Amino acid sequence: EHNRQRIRIGDATVVFWALADTPEISETAEHTFAELLDPSVDDAQEAMKLRAVLEAVSKGRPLRELNAGLDERTQMFVLGLAPNASRLSIRFWQVGTLGHFACRIAEHFHDLSIAPEPWNTAPAVWRLLLATAPSRDGKAKAEDVLPQLAGELTRSILTGSRYPRSVLANAIMRMRADRDVSGIRAALCKGVLTRDRRLGFNGSDEEVPVSLDKEASNAGYRMGRLFAILERVQHSALPSLNATIRDRYYGAASATPASVFPMLLRNAQNHLGRLRKDKPGLAGSLERDITEVIDGFGTEFPRSLRLEDQGRFAIGYYHQSKARFHHSDEKTASDSDDQGE
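The rules we used
- Residues numbered from 1 in each chain as written.
- Predicted model: local features only at pLDDT ≥ 70, side-chain atom pairs only at ≥ 80, totals over all residues.
- Heavy atoms only, no water.
- Helix = DSSP H or I, 4+ residues; strand = E, 2+ residues; numbered from the N terminus.
- Buried < 20%, exposed > 50% of the residue type's maximum accessible area, 1.4 Å probe, protein only.
- Contact = heavy atoms within 4.5 Å.
- Areas by Shrake-Rupley, 256 points an atom, 1.4 Å probe, with all protein chains shown as cover.
- Patch = residues over 30% accessible without salt bridge, like charges linked within 9 Å, V, L, I, M, F, W, Y side chains within 5 Å.
- Salt bridge = Lys/Arg side-chain N within 4 Å of Asp/Glu carboxyl O.
- 1 Å grid on protein atoms, 1.4 Å probe; cavity = no way out; pocket = protein on both sides within 12 Å on 5 of 7 lines; lining within 4 Å.
- Points joined across faces, edges and corners; volume = space filled by probe spheres on them.
- Expected span 1.5 Å × (residues − 1).
- Pairing = 2+ DSSP bridges.
- Axes fitted to C-alpha atoms, helices over the stretch in contact; angles between N-to-C directions.

Moving on, we get to the overall build of the protein chain. When helices and strands are counted, the protein chain shows 13 helices and six strands. Reported as C-alpha extents along the three principal axes, the dimensions of the protein chain are approximately 75 × 45 × 40 Å. Looking at the 341 residues of the protein chain, the share that counts as buried comes to 50%. Contacts in the protein chain between residues at least 24 apart in sequence constitute 67% of all its contacts with a sequence separation of at least 6. In the structure as shown, the protein chain presents an accessible area of about 16,900 Å², 48% of it carried by carbon and sulfur atoms.

Right, let's talk about unusual backbone geometry for a bit. The residue after Ala115, namely Pro116, is reached through a cis peptide bond having omega 0°. Within the secondary structure, Pro116 is located in the loop between helix H3 (98–112) and helix H4 (125–130). One non-glycine residue, Arg179, lies in the positive phi region at around 55°. Take Arg179: it is sitting in the loop between helix H6 (165–178) and helix H7 (183–199). The exposure class assigned to Arg179 is partly exposed, which follows from its relative accessible area of 35%.

What follows concerns a nonpolar patch on the surface. Where nonpolar side chains cluster on the molecular surface, the patch consists of Trp17, Ile90, Trp93 and Val95 and spans about 410 Å² of accessible area. In terms of residues, the nonpolar patch owes the most to one element, strand S4 (residues 87–97), which gives three residues. In this structure, Trp17 sits in strand S2 (residues 12–19).

Counted under the stated rule, the structure contains 23 salt bridges. Between Lys59 and Glu55 there is a salt bridge, and its shortest N-O distance comes to 3.1 Å. As a salt-bridge pair, Arg225 and Glu292 come within 2.8 Å of each other at their nearest N and O atoms. In this pair, Arg225 is assigned in helix H8 (residues 219–237) and Glu292 in helix H11 (residues 280–294), connecting sequence segments 67 residues apart. The class of Arg225 is buried, set by a relative accessible area of 1%. Under the relative-accessibility criterion, Glu292 is labelled partly exposed at 25%.

The next subject is empty space enclosed by the protein. In total, this model carries three cavities of 30 Å³ or more according to the counting rule given. The computed volume of the second largest cavity comes to approximately 40 Å³. Around the second largest cavity sit Leu36, Leu37, Ile105, His108, Phe109, Pro123, Ala124, Val125 and Ile157, which together line it. Mapped onto the lining of the second largest cavity, the elements with two or more residues apiece are helix H1 (23–37) and H3.

Let us look at H11. Compared with the 21 Å implied by 1.5 Å per residue over 15 residues, the 21 Å span of H11 between its first and last C-alpha is a close match. What H11 keeps buried is the set Leu282, Ala283, Gly284, Ser285, Leu286, Asp289, Ile290, Val293 and Ile294.

This next bit is on the sheet that holds S2. Pairing is antiparallel in the open sheet, where four strands are placed in the order S1-S2-S3-S4. Edge positions in the sheet fall to strand S1 (6–9) and S4, since each has one partner strand and no second. Put simply, the sheet's adjacent strands are angled 20° from each other on average, direction ignored. Pairing between strand S3 (residues 75–84) and S4: 10 bridges, direction antiparallel. In the strand pairing of S4, Asn84 is matched with Arg87. With respect to the sheet, H1 is in contact with S1, S2 and S3, its orientation differing from that of S2 by roughly 150°. Across the sheet, helix H5 (residues 149–159) lies against S1, S2, S3 and S4, angled at about 10° from S4, the strand it touches most.

Structure below.
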């Protein structure tokens, strides 16, 4: 149960071992590899070590600078197994150095990076997979992850190849079904789109932003931002409302914008009218936000968004809904309102 050379990821079991001159170097390499692939959530010390390793790798520094027992040339063997009736099937078999795999995993976390970070510790592969599965009573279970997806995702991380297409599709489907645009789901969308763009697969030439980018022109991203602002308008005008527009219209807004955004904008004007009476500063700030976003893509909403742009919609929504300037705007508006009184 506590064997750190075996990690359960979805329906797959990943086993790995190192070949080095001494048992101590092998054990250190295996422990480091385990932390890279399955970071400890509750161990702050291990999280700091992992962050140091990823930082060193990204800067091209040798791992032995962090730990004399670490050697990036240590040979690693990684085997992915899954049950198949009464037998086992091999999902993947990878051989490389510790340094090679550390670079690939660091690249993976870089592709996923999104601000603000929705985690304290870099997410393990199994946590990412759970974000693609349906939730029961608010929790997703490993058995609900698509068969073979665990092996495909782990292989893409270890090889630096394209992420499975179903990762993006299922993350988007879960957000539409659960109306939960979580940070991990937004990060998954960002990771898939970032890697596809870097590897030269068809898609937008525009870079996928890590943090809120008001200059980004992609229609999906801007409409995700707009949806978050309209939700903020509704919540500010009707703070006691149990369900927001996200609960009713997120799926339609992200897939067929032209069918719902005109109605949402009309309703927002009613909410803004209410806000102008109580909080004119906040109402003016939100109106400026709406105008700034709409001016970036014109007056007509697309009839539909392709899957990649639905992913950018989720990223834009996440960025805008988490943006700190909302809080500073509200404080400024509240202060000006108080002074006006």
